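Topology and contacts: notes
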Amino acid sequence: MESDYLNPASLPSGTRLGPWQLLEQRGRGAYGVVYRAVHAEQQAAEAVALKLALYPGDARFAREAELLSRVHHPAVPRLLDHGHWQPHEGVSYAWLVMEWVEGTPLHDWAQAQRPSSRQVLQLLARLARALDATHSAGGLHRDVKGDNIRVRRADGQPFLMDFGSGHHLGAATLTSQPFPPGTQTYRSPEAWRFVFRSRKPPAVPYAPGPADDLFSLGVTAFRLVTEKYPPSPHPKDEDAWLWRPKELEHWTARVCNPRCIPELSALVSRMLSSRPEARGSAREVAEALEQAARNAGREADVPLFTGEEPRPAGLFPRPQRVTVRRPPPMRRWPRFAAAGLAGALALSAGELRSVSPSEEPTTSHLAQQEETKDAGTVAVGDSVLTAPVAPEQAPSVWSSIAVDLPPKPLPGQWRPDSKGRCPGKMQVAINGGCWMKLPVDLKDCAEYWTGFEYRGACYIPALTRQRPATSGPATRDDSP
């Protein structure tokens, strides 16, 4: 049918977009779909990755094209072409064409290859070099994580993917959210401090810098080495106390995995420093990683994992959060203080919680338990090159541009109580989460960063933490 043909998420093989001919669809993200394609006049040439916007007029693509045109590094896919597809008068979808990377997501590669400390040092050094090239070009990635890294099968070269959440000097501000695009688990301590430094939402959004990208690389490295996420630096999370200077030594990469050599553990801790200036620049981190890889002894060649470690069940098993038990307050149990302090810092490999089982976990932890990917996906979509195509119906030219309501609650969203009631009078329970209906036309729902379509109306999630009011229109991207 013509309407299906015009749907950017279901274009048939042979469709022409500019000089490019589509071969097959290879993945779909939140705002873009990736096709394998060839040049229509040079079909003997190597295939490329063509990323097409799911929504007309998406400003992310122009910004990503500009950023990729500035970054030239072997660990960043090359931008080959970009343009617009106009299936109908007045409707235009942006597209980008990039170098095709035949590779494996970072953590899948690690599970299959069981790399050593030296191999991880070398891989992280290449990624730090890619960040240095990005920062030197006046850009930021803003969503560094394992799901946005591919390791090429042919030679083990890592690639930093999906610059759809990136930003560069001179790029226009698109919205005024407190955070720019990114993934919550990878946000830096200084970003959280900025947002929660007062009881009111900040008047201006947080402006990330190169140190934020390095912190995200540190979280990625910690998970790569330990198969766990580090404690959350969110000041209101129950394990934020673990970021106190005297507590940091109790959950280093080497503590969580004794097979990790001290040099690698120290560099991971450096990238995870709560002081951005202590992380240094991406170039300095890359040089330190390269030097450590050259000078490390034979113990650096021992695999970090044996392959016999127990893994959580499921199609996309998610590593647990590192857990350190908080010492009991001395004023409450004075007779057991000495014993409590002696055993309080034991690490638990199989637990997510760091409080007693009788206490309720925080909403953020509940949300993380439900996630199946690398702490969520927010970018455009080239990070899903090897992912299966989503079966749900994609938006078409003729339907509302709003995104369908997700089948489960979002991270940080209120859940209804046992009787199905939400805490706010204006909130309704849908799909296990609490939502608020916006009094706007459905065609305008896409103008809201958190706007979702449900039964012909526009809804936004009721979040557990403060955020700016959503009564005014905004685009689907955040400010720098």
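Here's what I pulled together on the structure shown here. Because the structure is a prediction, the values reported are computed rather than measured.

1. Quick look at the environment of Leu 106
Note on placement: Leu 106 falls in helix H3 (residues 106-113). Along the chain, Leu 106 and Arg 152 lie 46 residues apart, while their C-alpha atoms are 9.7 Å from each other.

2. Structural notes on H3
Of all the residues in H3, the buried ones are Leu 106, His 107, Trp 109 and Ala 110. Buried positions in H3, seen along its axis, are confined to an arc of 155° and lie on one side of it. Considering only its buried residues, H3 is in contact with strand E7 (103-105), helix H4 (117-136), strand E9 (149-152) and helix H6 (210-226). A positive backbone phi angle near 50° is found at Arg 114, which sits one or two residues after H3.

3. Describing the pairing of strand E2 (residues 20-28)
Looking at chain direction, strand E1 (residues 16-17) and E2 are connected through 2 bridges and run antiparallel. Residue Leu 17 lies in a different strand from E2, and its bridge partner there is Trp 20. Here E2 runs beside strand E3 (residues 32-39); their pairing, made up of 7 bridges, is antiparallel. Bridge assignment links Glu 24 to a residue of E3, and that residue is Arg 36.

4. A few points about the sheet that holds strand E4 (residues 48-53)
Taking strand neighbours across the sheet as the criterion, the 6 strands line up as E1-E2-E3-E4-E6-E5 in an open arrangement whose pairing is antiparallel. The open sheet has two free edges, formed respectively by E1 and strand E5 (79-88), since each of these has just one partner strand. Relative to E4, E3 runs antiparallel, the two sharing 6 bridges. Opposite Tyr 35, over in E4, you have Leu 50 as the bridge partner. The strands touched by helix H2 (residues 59-70) within the sheet are E3, E4, E5 and strand E6 (91-99), with E6 carrying the most contacts at an inclination of about 25°.

5. Overview of H2
In an α-helix, one turn spans 3.6 residues; hence positions three or four apart end up facing the same way. Given a rise of 1.5 Å per residue, 12 residues ought to cover 16 Å, and the 18 Å separating the end C-alpha atoms of H2 matches this to within 8%. Along H2, the positions that sit buried rather than exposed are Arg 60, Phe 61, Arg 63, Glu 64, Ala 65, Leu 67 and Leu 68. In this fold, the buried residues of H2 make contact with E3, E4, E5, E6, strand E8 (139-140) and strand E11 (167-168).

6. Description of the state of the cysteines
Counted according to the given criterion, the structure contains 1 disulfide. Between the sulfur of Cys 422 and that of Cys 434 lies a disulfide, 2.2 Å long from S to S. Residues Cys 422 and Cys 434 are joined by a disulfide whose S-S torsion is about -95°; by sign, that bridge is left-handed. One end of the pair, Cys 422, is in the loop between strand E14 (403-404) and strand E15 (427-430); the other, Cys 434, is in strand E16 (residues 433-438), with 12 residues separating them in the sequence. You'll find Cys 422 and Cys 434 in the same group, each marked buried. No disulfide involves Cys 256; its sulfur sits 9.7 Å from the nearest other cysteine sulfur, which is in Cys 260.

7. Things to note about the side chain of Gln 157
Checked against the element boundaries, Gln 157 lands in the loop between E9 and strand E10 (158-160). Judged by its relative accessible area of 13%, Gln 157 is buried. The contact partners of Gln 157, leaving out residues within four places of it in the chain, are Pro 74, Ala 75, Arg 126, Arg 150, Val 151 and Arg 152.

8. Some remarks on the nonpolar core
Leu 217 and Leu 264 are the most contacted members of the largest nonpolar core, which totals 61 residues. With 10 residues, H4 is the single largest residue contributor to this core. Beyond its immediate sequence surroundings of up to four residues, Leu 264 is in contact with Ser 117, Val 120, Leu 121, Leu 124 and Val 225. Counting 19 residues, the second largest nonpolar core, distinct from the first, contains Leu 11, Tyr 35, Leu 54 and Val 97.

9. Description of the environment of Gly 27
When you line up the elements, Gly 27 lands in strand E2. Sequence separation between Gly 27 and Ala 9 is 18 residues, and the spatial gap between their C-alpha atoms is 9.5 Å.

10. A word on the pairing of strand E18 (residues 457-461)
Side-chain positions along a regular strand alternate between the two faces of the sheet. Counting buried positions over the 5 residues of E18 gives 5, a clear majority of the element. The side-chain alternation of E18 yields two buried faces, one formed by Ala 457, Tyr 459 and Pro 461 and the other by Cys 458 and Ile 460. In this structure, E16 lies alongside E18, joined through 4 bridges in antiparallel fashion. From the neighbouring strand, Trp 435 faces E18, where its bridge partner is Pro 461. Sheet topology places strand E17 (residues 452-454) next to E18; 3 bridges connect them, and they run antiparallel. Bridge assignment links Phe 452 to a residue of E18, and that residue is Tyr 459. Where E17 hands over to E18, the hairpin turn is made up of 2 residues, of which Arg 455 adopts a positive phi near 50°.

11. Brief notes about unusual backbone geometry
Although it is not a glycine, Arg 114 adopts a positive phi angle of roughly 50°. Structurally, Arg 114 is set in the loop between H3 and H4. If you check the backbone angles, Asn 431 has positive phi at about 55° while not being a glycine. Here Asn 431 shows up in the loop between E15 and E16. The class for Asn 431 is partly exposed, based on a relative accessible area of 36%.

What counts, and where the lines are drawn
- Residues numbered from 1 in each chain as written.
- Predicted model: local features only at pLDDT ≥ 70, side-chain atom pairs only at ≥ 80, totals over all residues.
- Heavy atoms only, no water.
- Helix = DSSP H or I, 4+ residues; strand = E, 2+ residues; numbered from the N terminus.
- Buried < 20%, exposed > 50% of the residue type's maximum accessible area, 1.4 Å probe, protein only.
- Arc of directions from axis to C-beta.
- Contact = heavy atoms within 4.5 Å.
- Pairing = 2+ DSSP bridges.
- Axes fitted to C-alpha atoms, helices over the stretch in contact; angles between N-to-C directions.
- Expected span 1.5 Å × (residues − 1).
- Disulfide = S-S within 2.5 Å.
- Core = buried A, V, L, I, M, F, W, Y, C linked by side-chain atoms within 4.5 Å.

Any functional reading would require information that these geometric values do not contain.
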